[in-house]
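A look at the structure
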Amino acid sequence: MKITPHKVAGVFLLDRQLATKGEALYGERTFDGYRLWNPRRSKLAALLMKQAHVPLAPEQIVLYLGAASGTTVSHLADIVSLVYAVEFAPRVARDLVRLSERVENIIPLISDAAQPDYGPVVELVDLLYQDIAQPRQAEIAVKNAELFLKPRGHACIIIKARSIDVTAKPKTVYKREVKKLGELFDIESVHELEPFYKAHAAVIARLT
Amino acid sequence: MAHIKTWFGDIELHNDEIVGSQVLNADIDAMARRLQREDFADFDKECRGRLREIAIKLQVVSSEREYVSLLRAIMIQRAKERIVTAFAQPDARIIQLIDGIDDIDESINLLSERLSEWCLLTSETSMPEDLLEAFASSPSAQSPLAQEFAGSISRLCELRQETASAIELEMRTTAPNLSTLAGELLGARLIARAGGLGSLARMPASRIQVMGASKALFRHIKYGTKPPKHGVIFQHPLVRGSHPNIRGKIARILAAKIAIAARLDFYSKRAYPELLSQVEKRVGELQTAAQPRTT
C-alpha cells in the first residue's frame, strides 16, 4: 500500500483512501497506525476527497458546531491542536462525551448552537466548522463567527439543502445561503459533495 | 475598562492590563457548578483572544496545556450532567416507552407470522388468529418448541400491556389535558413525533394535523397532489369513527384543540376538561349536518 501525504498536513492517502494518524476510536479500519476516514460518513472527508483547498493547519483551534457522535471530530482532532465540539442532541452527545474522555484535545459542549451559551468557555478560534441540519444554518454561522472567530479567520460551512427547503432545487438553496453568508464573510469557494452526499455543499469562507 | 466573566473567574481589564480579578481555585466541581448557576454576558473578541494568557497570568493554570486539560475536565463533567438531565425529563421517558411499544408490536407480528407458518407446516391448527387460544387450550397437542414460541408471544403481549399502563400513568401527570383530549397513547405518540412536549406546544395546529403523514404532505407540496387530511391523529376515535367526508374537518378541529391542550400542559399544567366536550359538540353538529347528504 502506498502512503502519500494529502495537501492538508496531517491527512494521508493510503492508495486512494483517506486517513489520519491515530488509534481506532469508533470502529473504523486501521492500517499501520493510520485510521481510515470514510468520505461517506464524514462531509469533511468528502470535501478533502474532492481535492478542495480546506483551510486546516496543525496549530489551529476549531469551533465545531453539530459534532453529533464525533466521527468527524475524532479525525479533525488528529489534524488540528484543539476542537471545541458543540452538540445539542443528548442521544448522540453521549458518544461525543465518551470520545472526548479518550482524546485529549476535544472539549465537548452540550449546547444549542443557535443560542450559544458557551461564551464564557470558548476562546477565539481559527476555524469555524459547521455541519448542522437546521433551516437557519446561515444565521447560526454568522452569530457564532461574530462571537468566536478570529479576525480573518476561516469558516467551513456545510449546507444541507434538504434541511433548508425541500421543495427548492439544491443549487438555488446554495446560492441563497451563500448570499446570506456573504454579508459577513468573503466567500472563497463552494463545493458540492456529490457523489458522497446528495444535496450537500461546503462553503469555504473567510471573515472580512 | 472592560469587565469579563469567564469560566475561571471575573476579570477587570483597563488598557489591556488586568486591574482586578476574582478567580476560582482549580476545582473542577466548583467551576462546573458556577457555570451552571450564574449568568454570563458575552464579551469582546480582544479579551476572548487573551483567555489563556490571562488564566496563566492569574495563576489559575501554569501552562497552556494545563488550561486545555482543566477546561476539558470541567466541560466533560458539565456535559454528563446535561445529558443526565435531558434523559430524566418525563417526556423523554414517554418517548422511550412509546418507541418500546412499537418495537414490541413489531416483534409480536413477526413472531406470530412465523408461528402460523410453522403450524401450517405441521397442519395441526387451521387459522392463525386462533393459534394462541389453541395453544392455551391444548398445549400438549403441539411440539415443545412451538409451545415455547407461543409462550414468548403471549409474554410479549403482557409486556405490551404493562408498557401501555406505564405510559398512561406518565401521561396523566405530565400531560393531563392532552391525555383527556387525545387519549394517553395517541398523546404520547404525538409527543414522540414532535420530539417532546415543549416542541409539540410550540407547533402550529396545522402541523399537528398532518404529523405522521409527511410523505403525503411533501408529495402535495412538490407535485400538487391532494393534501393529507390527517396523520397520526387518524387513530383518534372521533376521526376514525366518522364518515370519510367529514374526517378532514374533524381532524382540523381536533388538531386545533390538541395544540391548545399541549400548550396548557407545557406552560401551566392546569386541567381544562372542557376541551374534549367542545370538540365532541362540534363533531356532533358536523355529523347531523352531513346526515341528509349521506342517507
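Rules behind the numbers
- Residues numbered from 1 in each chain as written.
- Chains lettered and ligands numbered in written order.
- Predicted model: local features only at pLDDT ≥ 70, side-chain atom pairs only at ≥ 80, totals over all residues.
- Heavy atoms only, no water.
- Helix = DSSP H or I, 4+ residues; strand = E, 2+ residues; numbered from the N terminus.
- Buried < 20%, exposed > 50% of the residue type's maximum accessible area, 1.4 Å probe, protein only.
- Contact = heavy atoms within 4.5 Å.
- Axes fitted to C-alpha atoms, helices over the stretch in contact; angles between N-to-C directions.
- Parallel < 35°, antiparallel > 145°, perpendicular 65-115°, else oblique.
- Left-handed = near helix turned anticlockwise from the far one by under 90°.
- Nonpolar A, V, L, I, M, F, W, Y, C, P; charged D, E, K, R; others polar.
- Core = buried A, V, L, I, M, F, W, Y, C linked by side-chain atoms within 4.5 Å.
- Pairing = 2+ DSSP bridges.
- Patch = residues over 30% accessible without salt bridge, like charges linked within 9 Å, V, L, I, M, F, W, Y side chains within 5 Å.
- Areas by Shrake-Rupley, 256 points an atom, 1.4 Å probe, with all protein chains shown as cover.
- Salt bridge = Lys/Arg side-chain N within 4 Å of Asp/Glu carboxyl O.
- Right-handed = clockwise from strand over helix to strand, strands pointing away.
- Buried area = accessible area lost by both parts, 1.4 Å probe.
- Domains from an automatic or database assignment.

**Topic: the overall build of chain B**
Looking only at helices and strands, chain B features 15 helices and three strands. Taking the principal axes of its C-alpha atoms as reference, chain B extends roughly 85 × 60 × 40 Å. Counting the 295 residues in chain B, one finds 40% classified as buried. For chain B, the proportion of contacts with a sequence separation of at least 24, taken over those separated by at least 6, is 56%.

**Details of the packing of helix α1 (residues 28-37) of chain B against helix α4 (residues 64-88) of chain B**
All names here are of chain B. Running from N to C, α1 and α4 point in directions that differ by 55 degrees, and their axes come no closer than 9 Å. On the basis of their axis angle, the class for α1 and α4 is oblique. α4 is crossed by α1, and the crossing has right-handed handedness. Contacts between α1 and α4 involve Ile 28, Asp 29, Met 31, Ala 32, Leu 35 and Gln 36 from the former and Leu 70, Ala 73, Ile 74, Met 75, Gln 77, Arg 78 and Glu 81 from the latter. In the contact of α1 with α4, the residues fall into eight nonpolar, two polar and three charged.

**Considerations on the nonpolar core**
Grouped together as the largest cluster of nonpolar side chains are 62 residues, with contacts concentrated most on Leu63(A), Tyr84(A), Phe185(A), Trp7(B), Phe8(B) and Tyr67(B). Take this core: its biggest share by element is seven residues, from helix α4 (residues 137-148) of chain A. Counting residues in each nonpolar core, the second largest holds 41 residues, with Ile208(B), Leu238(B), Ala251(B) and Leu286(B) among its members.

**Here's the deal with the sheet that holds strand β2 (residues 9-14) of chain B**
All names here are of chain B. Across the sheet, three strands lie side by side as β1-β2-β3; this open sheet has antiparallel pairing. Only two strands of the sheet have a single partner each, and these edge strands are β1 (2-6) and β3 (17-23). With strand direction ignored, the average angle separating the axes of adjacent strands in the sheet is 20 degrees. Both β2 and β3 contribute to a ladder of six bridges, which runs antiparallel. Bridge pairing in β3 places Ile 11 opposite Ser 21.

**Structural notes on a nonpolar patch on the surface**
Residues and elements named next belong to chain A. A cluster of nonpolar residues, Met 1, Ile 3 and Phe 31, forms a patch on the protein surface that exposes about 270 Å² of accessible area. Within the secondary structure, Phe 31 sits in strand β4 (residues 30-31). Judged by its relative accessible area of 34%, Phe 31 falls in the partly exposed class.

**Topic: the pairing of strand β7 (residues 82-87) of chain A**
Residue and element names in this part refer to chain A. Taken across its six residues, β7 has six buried, putting it largely inside the fold. Where burial is concerned, the two faces of β7 agree: the one with Leu 82, Tyr 84 and Val 86 and the one with Val 83, Ala 85 and Glu 87 are both buried. In this structure, strand β6 (residues 61-65) lies alongside β7, joined through five bridges in parallel fashion. Within β7, the position partnered with Ile 61 by the bridge is Leu 82. Following the backbone out of β6, through helix α2 (residues 71-79) and into the adjacent parallel β7, one traces a crossover that is right-handed. As paired elements, β7 and strand β8 (residues 106-110) share five bridges and run parallel to each other. Paired with Val 83 across the strands is Ile 106, a residue of β8. With helix α3 (residues 90-102) bridging β7 and the parallel β8, this β-α-β connection has right-handed handedness.

**Overview of the interface of chain A and chain B**
Each partner contributes to the interface: chain A provides 34 residues, whereas chain B provides 28 residues. Together chain A and chain B conceal approximately 2600 Å² of surface at their shared face, both sides included; 64% is due to carbon and sulfur atoms. Counting across the chain A and chain B interface gives four salt bridges. As a salt-bridge pair, Arg65(B) and Glu104(A) come within 3.9 Å of each other at their nearest N and O atoms. At eight residues, the largest contribution of residues to the side of chain A that touches chain B is made by α3(A). Residue classes in the side of chain A that touches chain B are distributed as 22 nonpolar, four polar and eight charged.

**Quick look at the domain arrangement of chain B**
Domain annotation of chain B identifies domain 1 (2-87), domain 2 (89-174) and domain 3 (176-295). Of note, the centres of domain 1 of chain B and domain 3 of chain B, computed from C-alpha atoms alone, are 48 Å apart.

**Some thoughts on the environment of Leu184(A)**
All names here are of chain A. If you trace the backbone, Leu 184 turns up in the loop between α6 (170-182) and β11 (185-192). A relative accessible area of 17% places Leu 184 in the buried class. Taking the C-alpha atoms as reference points, Leu 184 and Val 142, separated by 42 residues in sequence, lie 6.8 Å from one another. Contacts of Leu 184, omitting those with residues within four sequence positions, involve Val 142, Ala 145, Glu 146, Leu 207 and Thr 208.

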